[in-house]
Amino acid sequence: MDRKNILITGVGGQGLVIATKIISEAALEAGYDVKTNDVIGLSQRGGKVYGSVKIDSKVYSPNIPHGECDILLAMEPMEGYRYSHMIKDDGLAIVNTYRIPSTSIQQEVEEYPEGILDNLKQKYNVVDIDVIKVGKEVGNTKVGNTVLIGIMAKKLDIKKETWEKVIQRNVPKKFIEHNIKAFNIGYDYK
C-alpha cells in the first residue's frame, strides 16, 4: 500500500478518538508504520475536533500538509467541509450526511452552510451516507464512526478480518455486535 494520509473530522462526542485508534491499530497489525495526531482540546460535546493518521512503511510525522490528504472521514458534514482544503485533487471524502451542529453554530457564531455535499462533490470523490439511519438499523445510533471506517477499510490494503479483530478489541463488549454489523454495512456500501 502506498502512503495513506487520513484526516478525521467531527464534533466532540462522535468517537473520533476511538476511530483514530481503530485505524492506527489495524494498520500496525497489517505491518505498517503509523503516526497519529488527535486535536481534541475542544472535544467537549459539540466542539470541533479533528485527527490525522498517516500510514506507510516509515512515517516520521502525523501532520498532513494542505492538499495531501488521501481520505477525509467526515463524521459531520460541515466539519468535513471545513477541512476539505486538506484533500488531494483526486482524494476521497467519506461523509456522514447527518448534521450535528457544533457549539459555534448552536451559539449563532456561525451559520450552517447549505450545499455542502454539492460543493464537495464538485471537487472530490465523495461517498455520503446517513450513519444515524444505519445505526438505527443495527440497534445503536452511536456506531457512525464504525460505518465510516467500514467504507474506508475497503480502500486500504488491510484485511477485513484485521479490522474486525481491532474493532472487537476496542469497543465495549456489549456493543461489539452492533459495531461489527455497522462496519460490514460500511464495507459493503456502494
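Residues numbered from 1 in each chain as written. Predicted model: local features only at pLDDT ≥ 70, side-chain atom pairs only at ≥ 80, totals over all residues. Heavy atoms only, no water.

Colleague: Explanation requested: unusual backbone geometry in the structure shown.
Modeller: Backbone geometry follows two general trends: most residues other than glycine have a negative phi, and most peptide bonds adopt the trans configuration. At Glu108, a position not held by glycine, the phi torsion is positive, near 60°. Tracing the backbone shows Glu108 in the loop between helix H3 (103–106) and helix H4 (116–123). The residue Lys190 is not glycine, and still its phi comes out positive at about 40°. Checked against the element boundaries, Lys190 lands in the segment after helix H8 (176–188). (Helix = DSSP H or I, 4+ residues; strand = E, 2+ residues; numbered from the N terminus.)

Colleague: Honestly, the packing of aromatic side chains in this entry has me stumped. Any pointers?
Modeller: Aromatic ring pairs are reported here in terms of the distance separating the ring centres and the angle at which the planes meet. This structure, assessed with the given rule, holds three aromatic pairs. Their ring planes at 40° and their centres at 4.9 Å tell us that Tyr50 and Tyr83 sit as a pair that is tilted. You can see Tyr50 sitting in strand E3 (residues 48–56) and its partner Tyr83 sitting in the loop between helix H2 (77–82) and strand E5 (87–96), a full 33 residues away along the chain. Since its relative accessible area comes to 16%, Tyr83 is described here as buried. Aromatic rings pair up to connect Trp163, Phe183 and Tyr187 into one cluster. (Phe/Tyr/Trp six-rings, centres within 6.5 Å; stacked < 30°, edge-to-face > 60°. Buried < 20%, exposed > 50% of the residue type's maximum accessible area, 1.4 Å probe, protein only.)

Colleague: How should I be thinking about the pattern of salt bridges in this particular structure?
Modeller: Overall, the coordinates contain 13 salt bridges when judged by the stated rule. A salt bridge links Glu25 to Arg169; the shortest N-O distance between them is 3.1 Å. Of this pair, Glu25 sits in helix H1 (residues 16–29) while Arg169 sits in helix H7 (residues 160–170), placing them 144 residues apart in sequence. Here Glu25 falls in the buried class, since its relative accessible area comes to 17%. The exposure class assigned to Arg169 is partly exposed, which follows from its relative accessible area of 45%. What you see here is one network of salt bridges that share partners, running through Glu25, Glu29, Lys165 and Arg169. (Salt bridge = Lys/Arg side-chain N within 4 Å of Asp/Glu carboxyl O.)

Colleague: Please explain the sheet that holds strand E2 (residues 33–39) as it appears in this structure.
Modeller: Backbone hydrogen bonds are what pair the strands of a sheet, in a parallel or an antiparallel way. Reading across the sheet, the six strands line up as E2-E3-E1-E4-E5-E6 and stay open at both edges, with mixed pairing between neighbours. Strands at the two margins of the open sheet, each flanked by one partner only, are E2 and strand E6 (125–129). Recorded for the sheet is a direction-independent mean angle of 15° between the axes of neighbouring strands. The strands touched by H4 are E5 and E6; relative to E6, the strand with the most contacts, the crossing angle is about 150°. (Pairing = 2+ DSSP bridges. Axes fitted to C-alpha atoms, helices over the stretch in contact; angles between N-to-C directions. Contact = heavy atoms within 4.5 Å.)

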